[in-house]
Amino acid sequence: MKVVAFLGSPRNGNTTAMVNAVCKGAVSAGHETEVINLASLKISDCTACCACKSDKFEYCAIKDDMQELYTKIIEADCLVFGTPVYMGQMTGQMKNFFDRWYPFLGENYHIYHLPGKKYITVTASGAPAAVFQSLTDYFNHWLGSFFKMELVQNIVGGELGPADAINSQPQLLTMAENAGRTLK
Ligand SMILES: Cc1cc2nc3c(=O)[nH]c(=O)nc-3n(C[C@H](O)[C@H](O)[C@H](O)COP(=O)(O)O)c2cc1C
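Rules used in this analysis
- Residues numbered from 1 in each chain as written.
- Predicted model: local features only at pLDDT ≥ 70, side-chain atom pairs only at ≥ 80, totals over all residues.
- Heavy atoms only, no water.
- Near = heavy atom within 4 Å.
- Polar contact = N/O pair within 3.5 Å; in protein donor to acceptor, adjacent residues only side chain to side chain.
- Nonpolar A, V, L, I, M, F, W, Y, C, P; charged D, E, K, R; others polar.
- UniProt positions renumbered as here; feature names shortened; annotations may be inferred.
- Helix = DSSP H or I, 4+ residues; strand = E, 2+ residues; numbered from the N terminus.
- Pairing = 2+ DSSP bridges.
- Axes fitted to C-alpha atoms, helices over the stretch in contact; angles between N-to-C directions.
- Contact = heavy atoms within 4.5 Å.

The name that an unreviewed UniProt entry assigns to the chain is NADPH-dependent FMN reductase-like domain-containing protein, with the source organism given as Sporomusa silvacetica DSM 10669.

What follows deals with the site of the ligand. Neighbouring residues of the ligand: 17 residues in total, closest Ser9, Thr15, Val85, Leu160 and Gly161. Between the ligand and the protein, one listed contact pairs an oxygen atom with a backbone N or O atom of Leu160 at 2.4 Å. For the shell around the ligand, the class distribution of residues is eight nonpolar, eight polar and one charged.

It is worth spelling out the UniProt feature "domain: NADPH-dependent FMN reductase-like" (unreviewed entry) in the chain at this point. The residues that UniProt annotates with the feature "domain: NADPH-dependent FMN reductase-like" (unreviewed entry) are residues 1-139. Span residues 1-139 is 29% helix and 19% strand, its end C-alpha atoms 22 Å apart.

What follows is about the sheet that holds strand E1 (residues 2-7). Sheet architecture is open: five strands sit in the order E2-E1-E3-E4-E5, paired in parallel fashion. Each having just a single partner strand, strand E2 (32-37) and strand E5 (150-157) make up the two edges of the open sheet. Along the sheet, successive strands turn relative to each other by an average axial angle of 15°, direction set aside. Relative to strand E3 (residues 78-84), E1 runs parallel, the two sharing five bridges. In the strand pairing of E3, Val4 is matched with Leu79. In the packing of helix H2 (residues 66-75) onto the sheet, contacts are made with E1, E2 and E3, and the angle to E1 comes to roughly 135°.

Attention now moves to the side chain of Thr121. Relative to the assigned elements, Thr121 resides in strand E4 (residues 118-124). Engagement of the side chain of Thr121 in a polar contact is seen with the side chain of Asn154, the distance being 2.7 Å. If near-sequence neighbours (up to four positions away) are discounted, Thr121 is found in contact with Phe81, Phe139, Leu143, Gln153, Asn154 and Ile155.

Laid out in structure tokens, this is it:
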């Protein structure tokens, strides 16, 4: 299985550690993994040109690093979404990336490429985990109910302020590693 993880944190902190743990588990189960740091790429905002809804473009008209990511998304069997909570939501990097998924939505709500793929979400917040259940619900609504992907696990880390706070909650890393290891 090919596992592709998208990292929405601009720093090497809690989200990165948990996403890496998912990948470590997946590798130990014999899967191929790749971690993509969205903050290091040029991913423009969607401009609502809607060229993706015409026959002229296969995906998106904007020629930036997202073009390569469409192929990676399509070829993956499992997608991992890792983001810290910023102002109660996913980071801007992750949301810009997700807005650019519009090409996967066709006429009459037909979904291209995504149905049946597995997904794992990883979130990190300074506040206790339960405070931002709404972000996990958002992912499950869009990835699960709307894009018809199959939830493997939501890993929700709370009380993770400083970048190294994850070290005081090793159970989160164990949970993340197990999520990767149980992929099949
Ligand atoms: C701009 C910014 C906004 C944030 N907003 C929130 C927030 O709304 N709620 C919260 O609990 N934590 C918030 N945090 C804290 C981060 O979610 C927390 O430190 C998280 O562990 C960061 O993940 P990272 O280490 O992977 O970057 C914010 C941090 C930053 C830098």
